Amino acid sequence: MAQSVKGTRDLFGNEMGWFLRIEDTARGVFARHGYEEIRTPILEEIEVFKRSVGESSDIVNKEMYEFTDKGGRHVVMRPENTAGVVRAMIQHKLLVNNDPKLLYYIGPMFRYERMQAGRYRQFWQIGAESFGIATPESEAESLLMLMEFLHDLGLKHLSLSINSVGTPECRPAFHAAIRDFFQARETQFCEDCHRRIESNPLRVLDCKVPGCQAALEGHPVITDHLDEASLKHHARLKELLTALGVAFEENPRLVRGLDYYTRTAFEVLSSDLGAQSALLGGGRYDGLVKHLGGPEVPAFGWAIGLDRLAMLMQQLHGNAPQNPPALLIPLGEAASLKALTLARDWWSQGLAIQLDTRGTNLKKALTSANRQGTQLALILGDGELEKGVVSAKDLSAGTQETWLLEEVPARLRNR
Ligand code: HAM
């Protein structure tokens, strides 16, 4: 029997219920902040990610689903969506006159990663990107939106970590300092770190291997190497967050696994997520639009893992809230036609009615309705048809009432 491809899974039932609830909440909050939805293709040219996420990153190096299509194009199933959104902004010339552009997306991403709980090869992200604003205030706004979203979902036990990774101009001095530090302890670092110190020294700070984490004790701190403007930017963001009562901690090892960040980088961790504690991450990426061939436009954004979010919601709140429609069960041919007519009228009034069109007997229909979690069955047999009523059976309470047909819409609304 065919199975879903390793690392991918089907979304249905309760998990789908949480996905929908989370997506609805996100759309509501983001719209209130003036963010518009964008949908970009899953397939992008490989260069889009090589030039943004970075050739030395794990994502580009090891994790991309890449192939050559029948037309000989080298394409990638997007591992993230910031680069794709930037590509779209440039292609459609949407970043003009220095006007701000606020966008969000919801969609699947693909990374060939080792599977764990909460880590998949096809996973979903909700992301928000703001273009055209270089201020720490724009970061505070985006973070407030994020906090509002997480708060509306009722999430707790979250912690916000921030750092500044500076600008490309102040990085050489920091790279030199971290290389000196590394050389003095070379043997304590893993093979990957030896590769990283050559290609992207910042990433050594991010290594999850316990031995490397221990060897990093007393490492040079990038915030000691920031230029004047980056320092001021960082201080202002911290001042704003403090004044707004947004709790955060500074993490000098937070550098993120993607190369495009400048200045602010941040993550939100959840102590309820276990090993996969990063719920979301993001930061400023002022150089990326220009680097991908567009105008010089500053940008800031973040993306949250929807799969992990749904997992947290399940842990915290149990099953997704359900509101199953009433089930209209006609018995016999005359009732079947009447039920179609009635249901059409009730649907047009915005009521949620599921119609049982199988033509089975009442016992079978009710047994299957019980299995499916139906709460209210409206039974329309010959007797009911004659009197112009339905028998309304509350399946969880086991009670039954007779409702006049014309009363049904009002009674359903009042339930
Ligand atoms: P990222 O940190 O690579 O950032 O991914 C963001 C979030 O996506 C993670 O915190 C995690 O919740 C989720 N995620 C990543 N990989 C997986 C996986 N294999 N399975 C399940 N969830 C996963 C970015 O992607 C950036 N584009 C964020 C950003 C937007 N920066 C600026 N704007």
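Cut-offs and rules
Residues numbered from 1 in each chain as written. Predicted model: local features only at pLDDT ≥ 70, side-chain atom pairs only at ≥ 80, totals over all residues. Heavy atoms only, no water. Helix = DSSP H or I, 4+ residues; strand = E, 2+ residues; numbered from the N terminus. Rg over C-alpha atoms; globule rule 2.2 N^0.38 Å. Buried < 20%, exposed > 50% of the residue type's maximum accessible area, 1.4 Å probe, protein only. Lys, Arg positive; Asp, Glu negative; His and termini not counted. Charge placed at Lys NZ, Arg CZ, Asp CG, Glu CD. Phe/Tyr/Trp six-rings, centres within 6.5 Å; stacked < 30°, edge-to-face > 60°. Lys NZ or Arg CZ within 6 Å of the ring centre and 35° of its normal. Axes fitted to C-alpha atoms, helices over the stretch in contact; angles between N-to-C directions. Parallel < 35°, antiparallel > 145°, perpendicular 65-115°, else oblique. Left-handed = near helix turned anticlockwise from the far one by under 90°. Contact = heavy atoms within 4.5 Å. Nonpolar A, V, L, I, M, F, W, Y, C, P; charged D, E, K, R; others polar. Near = heavy atom within 4 Å. Polar contact = N/O pair within 3.5 Å; in protein donor to acceptor, adjacent residues only side chain to side chain. Expected span 1.5 Å × (residues − 1). Pairing = 2+ DSSP bridges. Core = buried A, V, L, I, M, F, W, Y, C linked by side-chain atoms within 4.5 Å.

Asks: Explain the overall build of the chain here, please?
Replies: Helix and strand counts for the chain come out as 15 helices and 16 strands. Compactness check: the chain gives a C-alpha radius of gyration of 27 Å against a globular reference of 22 Å for 415 residues, more than 25% above the reference. Oriented by its inertia axes, the alpha-carbon framework of the chain measures out at about 90 × 50 × 45 Å. Among the 415 residues that make up the chain, the fraction classed as buried is 49%. In the chain, 47 side chains carry a positive charge and 53 a negative one; their mean positions are 4 Å apart.

Asks: Honestly, the packing of aromatic side chains in this entry has me stumped. Any pointers?
Replies: Evaluation of the coordinates by the stated rule reveals eleven aromatic pairs. Aromatic side chains Phe 30 and Trp 302 sit 5.9 Å apart centroid to centroid with 75° between the ring planes, which places their arrangement in the edge-to-face category. With a gap of 272 residues between them, Phe 30 in helix 1 (residues 13-32) and Trp 302 in strand 11 (residues 299-305) connect regions that are remote in the sequence. Among the residues examined, Trp 302 registers a relative accessible area of 1% and is labelled buried. When the ring centre of Tyr 112 is taken as origin, the NZ or CZ atom of Arg 121, which lies over that ring, is 3.9 Å away.

Asks: I tried to follow the packing of helix 5 (residues 136-152) against helix 9 (residues 228-243) on my own but got confused; where do I start?
Replies: Two quantities define a packed helix pair, namely the angle between the helix axes and the distance between the axes. Two elements in contact, helix 5 and helix 9, have axes separated by 9 Å at closest approach and are oriented at 40°. When the interaxial angle is binned, helix 5 and helix 9 end up oblique. Crossing of helix 5 against helix 9: the hand is right-handed. Residue-level inspection shows Pro 136, Glu 137, Glu 139, Ala 140 and Leu 143 of helix 5 in contact with helix 9, the latter providing His 233, Arg 236, Leu 237, Leu 240 and Leu 241. Considered class by class, the residues forming the contact of helix 5 with helix 9 number six nonpolar, one polar and three charged.

Asks: Would you take a moment to explain the site of the ligand for this structure?
Replies: Around the ligand sit 26 residues, and of these Glu 80, Glu 113, Tyr 120, Glu 129 and Tyr 261 come closest. One of the side-chain N or O atoms of Glu 113 is found 2.6 Å from a nitrogen atom in the ligand. Secondary-structure elements contributing two or more residues to the shell around the ligand are strand 6 (122-131), strand 10 (278-284) and strand 11. Top element by residues in the shell around the ligand is strand 10. It accounts for five residues.

Asks: What exactly am I supposed to notice about helix 11 (residues 306-317) here?
Replies: Compared with an ideal rise of 1.5 Å per residue, which puts twelve residues at 16 Å, helix 11 spans 16 Å between its outermost C-alpha atoms and is within 8% of the ideal. Within helix 11, the full set of buried residues consists of Leu 306, Asp 307, Arg 308, Leu 309, Ala 310, Leu 312 and Met 313.

Asks: For this particular structure, what's the right way to read the sheet that holds strand 2 (residues 43-45)?
Replies: The strands that make up a sheet pair up through hydrogen bonds in the backbone, lying either parallel or antiparallel. A sheet is described by the order of its strands in space; here three strands give the open sequence 2-4-3, paired in antiparallel fashion. What marks the edges here is a single partner per strand, and that holds for strand 2 and strand 3 (65-68). Neighbouring strand axes in the sheet, compared pairwise and without regard to direction, differ in orientation by 35° on average. Here strand 3 pairs with strand 4 (residues 74-77) via four bridges, running antiparallel. Each bridged residue has a counterpart across the sheet, and for Glu 66 the counterpart in strand 4 is Val 76.

Asks: Please explain the sheet that holds strand 11 as it appears in this structure.
Replies: Strands sit in the order 1-5-6-11-10-9-7-8 across an open sheet of eight strands; the sheet is mixed. Edge positions in the sheet fall to strand 1 (36-37) and strand 8 (249-250), since each has one partner strand and no second. The pairing of strand 9 (residues 264-270) with strand 10 spans five bridges and is antiparallel. Paired with Glu 267 across the strands is Gly 281, a residue of strand 10. Each of strand 5 (101-110) and strand 6 is contacted by helix 4 (residues 82-91), which is oriented at about 130° to strand 5, the strand it contacts most.

Asks: So what exactly am I meant to see when it comes to the side chain of Glu 63 here?
Replies: Along the polypeptide, Glu 63 turns up in helix 3 (residues 58-63). Among residues more than four places away in sequence, those in contact with Glu 63 are Asp 58, Phe 110, Arg 111, Tyr 112 and Glu 113.

Asks: So what exactly am I meant to see when it comes to the nonpolar core here?
Replies: A general feature of soluble globular proteins is that nonpolar side chains tend to end up buried together. Core analysis: the biggest nonpolar cluster contains 52 residues, and Phe 49, Val 86, Phe 131, Phe 189 and Cys 193 have the highest contact counts within it. The greatest single-element share of this core, amounting to six residues, is contributed by helix 4. Counting residues in each nonpolar core, the second largest holds 38 residues, with Val 29, Tyr 35, Ile 162 and Leu 312 among its members.

Asks: Looking at this structure, I do not really get unusual backbone geometry. What am I missing?
Replies: In most cases, non-glycine residues show a negative phi, while peptide bonds are predominantly trans. Although it is not a glycine, Asn 97 sits at a positive phi angle of roughly 55°. Tracing the backbone through its elements, the reader meets Asn 97 in the loop between helix 4 and strand 5. Owing to a relative accessible area of 65%, Asn 97 belongs among the exposed residues under this scheme. Phi is positive for Arg 256, close to 70°, though the residue is something other than glycine. Tracing the chain through its elements places Arg 256 in the loop between strand 8 and strand 9.

Asks: Just checking my understanding: could you explain helix 4 for this structure?
Replies: One full turn of an α-helix is made of 3.6 residues, so residues set three or four places apart face in the same direction. Among the ten residues of helix 4, nine are classified as buried, and the element is accordingly described as predominantly covered. By the burial criterion, the buried members of helix 4 are Thr 82, Ala 83, Gly 84, Val 85, Val 86, Arg 87, Ala 88, Met 89 and Ile 90. Taken together, the buried residues of helix 4 touch strand 2, helix 2 (46-50), strand 5, strand 6 and helix 10 (288-291). A positive phi of about 50° marks Lys 93, the residue just after helix 4.

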